[in-house]
Amino acid sequence: MPLLGMLPAIRRDPAGVFMRAARQFGDVVYLKIGPRRGYLITNPEDIRHVLQDNARNYHKSPLYGKLRMYLGNGLLTSEDQLWLRQRRIAQPAFHRQRMAALAGVMADAARDAAARWQSLASGGQPVDVDEEMMRLTRTVVVRALLGADLGPFTSKIDQAWTTINQHIGESFWSLGFTDRLPTPKYRRFQAALAVLRGAVDHVIAERRRGAADSGDLLSMMMSARDEETGEAMNDEQLRVEVTTFLLAGQETTSLALTWTWYLLSQHPGAQRRLEDEIDVVLNGRPPEYSDLVNLPYLRMVIDEAMRLYPPAWGFSRQALADDRLGGFRLPRGWLAFVIPYVLHRLPAFWPDPEAFDPERFSPERSADRPKFVYIPFGAGPRQCIGNQFALIETQLSVATFAQLYRLHLAPGHKVEPWPLITLRPRFGMPMTIERRTRSLPRLEPASR
Ligand code: HEM
């Protein structure tokens, strides 16, 4: 379109537009999106160049400005010195040994939820698995990283996230003129932001009251001192980082789980194989961190679910200086779009790309695949800090539920990916819960 370029089409169907562009035009596709220009890149070498080898030449694109504007300038959105300092502060909380300890919190939370599902299973009514998984991953992130609960905000926070995700996700592609008009929708968004702010303030206030240093992420952020000035993180920065971890830690992991349940429900063969693996390895006892190495199919199922439905479906960078991509000049200020949703479906690397086939991730079949065509967690210095955390949590959760239950999509329900900031199911994921008979359940709620 004149002036607007591809903006109207992208607003309607962002993932579809990127898919078709890559299929039709190949490795490097010129895009004009409103006032912005850039390339969609799908060659693994170019992706490596932008995200890793020449990462210094790129900042997160102005599209992240919307996140920054509403949620603040935290680890996900900041750049340069501020980013480096915040990343260094947070990194030890995600250390491998620490993850092993946090796995206990994850397993407990999954067992609590599984125990709650007993009555839902006997009721026979569809349950929105999307909401259930949000609740689970929120509990985990809040307990494991922030050592708290959200107090009076607990019941409101998931709906608040949905509203925030939708507003920011849709406004990503707007020119910004209409984002702040005082419509009822915008007022709902403001109310959702107030809930979020309340929840974050509650977490920080609780910790200040308790004052004990529990060695978790929140303690690390509160006790960190700037190397040069000796100053602590100010209240506003702390608030922004807590918000960042709440958002980044809950939403994406929850979606990885929801899409996994959907795909398993559509592929009974894979579901049975997963159940067999879990039954043989666990022999009826609840899964623990140390079991995960013995559950390779479980990991393949999760990897394949994140291939087809990457929760962080697309991201972008802005060039600080001229660069070259795939033989083309990328002028300073232009954008590079990296879209896992597209990369994970490139027929050159993924035969029959739309098929759900966890075996693609077997060591033999993965051996020759370039690293940069599968990047659900991004890559390079800005790679997801919660990568291992999320993988352990999804594996423990799927193992816990699949040992006890089988989920069936509500008949006739339409499932459609909805690419907002994250890739959600547009109409939720109502599923019925069937108790498995072969399992040897231990359904007492976990001890906490
Ligand atoms: C399946 C779950 C998850 C997925 C798919 C995911 C995906 C991603 C991706 C793609 C990025 C990079 C974005 C970019 O390069 O522009 C990212 C960054 C980040 N993620 Fe995750 N993430 C997940 C879970 C988590 C968890 C559990 C946490 C925290 C507990 C977390 C915290 C973060 C943070 C703080 C960043 C910014 C890191 C930085 O820039 O230094 N994520 N995530």
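Since the structure is predicted, the reported quantities are computational estimates derived from the model, not experimental observations.

Participant: Whenever I open this one, the overall build of the protein chain confuses me. Can you help?
Facilitator: Tallying secondary structure elements over the protein chain gives 16 helices and 12 strands in all. Its C-alpha atoms give the protein chain a radius of gyration of 22 Å, within 12% of the compact-globule value 22 Å for 448 residues. Dimensions of the protein chain along its principal axes, counting C-alpha atoms only, are 60 × 55 × 45 Å. The burial tally for the protein chain puts 57% of its 448 residues in the buried class. Long-range contacts, defined here as pairs at least 24 residues apart, represent 76% of the contacts in the protein chain between residues at least 6 apart. A total accessible area of about 19,500 Å² is found for the protein chain, and carbon and sulfur atoms account for 53% of it. One way to put it: in the protein chain the 57 positive side-chain charges average out to a point 4 Å from where the 49 negative ones average out.

Participant: I tried to follow the coordination of the iron atom of the ligand on my own but got confused; where do I start?
Facilitator: Its sole protein donor being Cys 384 (SG), the iron atom of the ligand sits 2.3 Å from that atom. For Cys 384, the location among the structural elements is in the loop between α15 (363-366) and α16 (387-404).

Participant: Which parts of the structure should I look at to understand the nonpolar core?
Facilitator: Nonpolar side chains in soluble globular proteins generally cluster together in the buried interior. Counting residues in each nonpolar core, the largest one holds 148 residues, and the members touching the most others are Phe 18, Trp 173, Trp 261 and Phe 337. Considering every element that reaches this core, the biggest residue donor is helix α11 (residues 235-266), with 13 residues. Aside from chain neighbours lying at most four places away, what touches Trp 173 is Leu 7, Ile 10, Arg 11, Pro 14, Phe 18, Ile 33, Leu 63, Trp 313 and Phe 337.

Participant: So what exactly am I meant to see when it comes to the environment of Arg 68 here?
Facilitator: With respect to the helices, strands and loops of the structure, Arg 68 is situated in helix α4 (residues 64-71). You can call Arg 68 partly exposed: its relative accessible area is 28%. A sequence separation of 172 residues divides Arg 68 from Val 240, and the C-alpha atoms of the two residues are 9.4 Å apart. Apart from the residues within four sequence positions on either side, Arg 68 is in contact with Asn 73 and Thr 77.

Participant: I'm lost on the site of the ligand in this one. Help?
Facilitator: Neighbouring residues of the ligand: 28 residues in total, closest Tyr 64, Trp 83, Arg 87, Arg 317 and Cys 384. The side chain of Tyr 64 places a nitrogen or oxygen atom 2.4 Å from an oxygen atom of the ligand. Between an oxygen atom of the ligand and a side-chain N or O atom of Trp 83, the distance comes to 2.7 Å. Only α5 (80-90), α11, β5 (315-319) and α16 provide two or more residues apiece to the shell around the ligand. Here the shell around the ligand takes 6 residues from α11, the largest share from any one element. Broken down by class, the residue content of the shell around the ligand amounts to 19 nonpolar, 5 polar and 4 charged.

Participant: Honestly, the environment of Gly 428 in this entry has me stumped. Any pointers?
Facilitator: Mapped onto the fold, Gly 428 is located in the loop between β11 (423-425) and β12 (430-435). Considering only alpha carbons, one finds Gly 428 and Val 415, 13 residues apart in sequence, at a separation of 7.7 Å.

Participant: How should the packing of aromatic side chains be read in this particular structure?
Facilitator: The geometry of an aromatic ring pair comes down to the distance between the two centres and the angle between the two planes. In the structure shown here, the tally under the stated rule is 18 aromatic pairs. When the ring of Trp 259 is compared with that of Tyr 262, the centres are 6.1 Å apart and the planes differ by 75 degrees; the resulting orientation is edge-to-face. Taken as a pair, Trp 259 and Tyr 262 lie in helix α11 at a separation of 3 residues, close to a single helical turn. Relative to Tyr 374, the ring of Trp 350 lies with its centre 6.1 Å away and its plane at 65 degrees, an arrangement referred to as edge-to-face.

Participant: Quick question: what am I supposed to make of a nonpolar patch on the surface here?
Facilitator: A contiguous nonpolar surface patch, about 350 Å² in accessible area, is contributed by Met 1, Leu 3 and Leu 4. Structurally, the position occupied by Leu 4 is in the segment before α1 (7-12). You can call Leu 4 partly exposed: its relative accessible area is 30%.

Participant: Please clarify how unusual backbone geometry should be interpreted in this entry.
Facilitator: With a phi close to 55 degrees, Asp 80 is a non-glycine residue in the positive phi region. Tracing the sequence through the fold places Asp 80 in helix α5.

Participant: Help me understand the pattern of salt bridges, please; the structure alone is not making it clear to me.
Facilitator: Oppositely charged side chains can pair when the atoms bearing their charge come close. Counting across every chain of the model gives 27 salt bridges. The salt bridge partner of Arg 20 is Asp 13, with a shortest N-O separation of 3.6 Å. Glu 304 is the partner of Arg 360 in a salt bridge, and the nearest nitrogen-oxygen pair spans 3.0 Å. Of this pair, Arg 360 sits in the loop between α14 (340-343) and α15 while Glu 304 is found in helix α13 (residues 296-308), placing the two residues 56 residues apart along the sequence. Side by side, Arg 360 and Glu 304 carry an identical accessibility label, which is buried. Through salt bridges that share partners, Arg 197, Asp 201, Glu 236 and Arg 239 make up one connected network.

The rules we used
Residues numbered from 1 in each chain as written. Predicted model: local features only at pLDDT ≥ 70, side-chain atom pairs only at ≥ 80, totals over all residues. Heavy atoms only, no water. Helix = DSSP H or I, 4+ residues; strand = E, 2+ residues; numbered from the N terminus. Rg over C-alpha atoms; globule rule 2.2 N^0.38 Å. Buried < 20%, exposed > 50% of the residue type's maximum accessible area, 1.4 Å probe, protein only. Contact = heavy atoms within 4.5 Å. Areas by Shrake-Rupley, 256 points an atom, 1.4 Å probe, with all protein chains shown as cover. Lys, Arg positive; Asp, Glu negative; His and termini not counted. Charge placed at Lys NZ, Arg CZ, Asp CG, Glu CD. Donors = N, O, S within 2.8 Å, 3.2 Å for Na, K, Ca; no water. Core = buried A, V, L, I, M, F, W, Y, C linked by side-chain atoms within 4.5 Å. Near = heavy atom within 4 Å. Polar contact = N/O pair within 3.5 Å; in protein donor to acceptor, adjacent residues only side chain to side chain. Nonpolar A, V, L, I, M, F, W, Y, C, P; charged D, E, K, R; others polar. Phe/Tyr/Trp six-rings, centres within 6.5 Å; stacked < 30°, edge-to-face > 60°. Patch = residues over 30% accessible without salt bridge, like charges linked within 9 Å, V, L, I, M, F, W, Y side chains within 5 Å. Salt bridge = Lys/Arg side-chain N within 4 Å of Asp/Glu carboxyl O.

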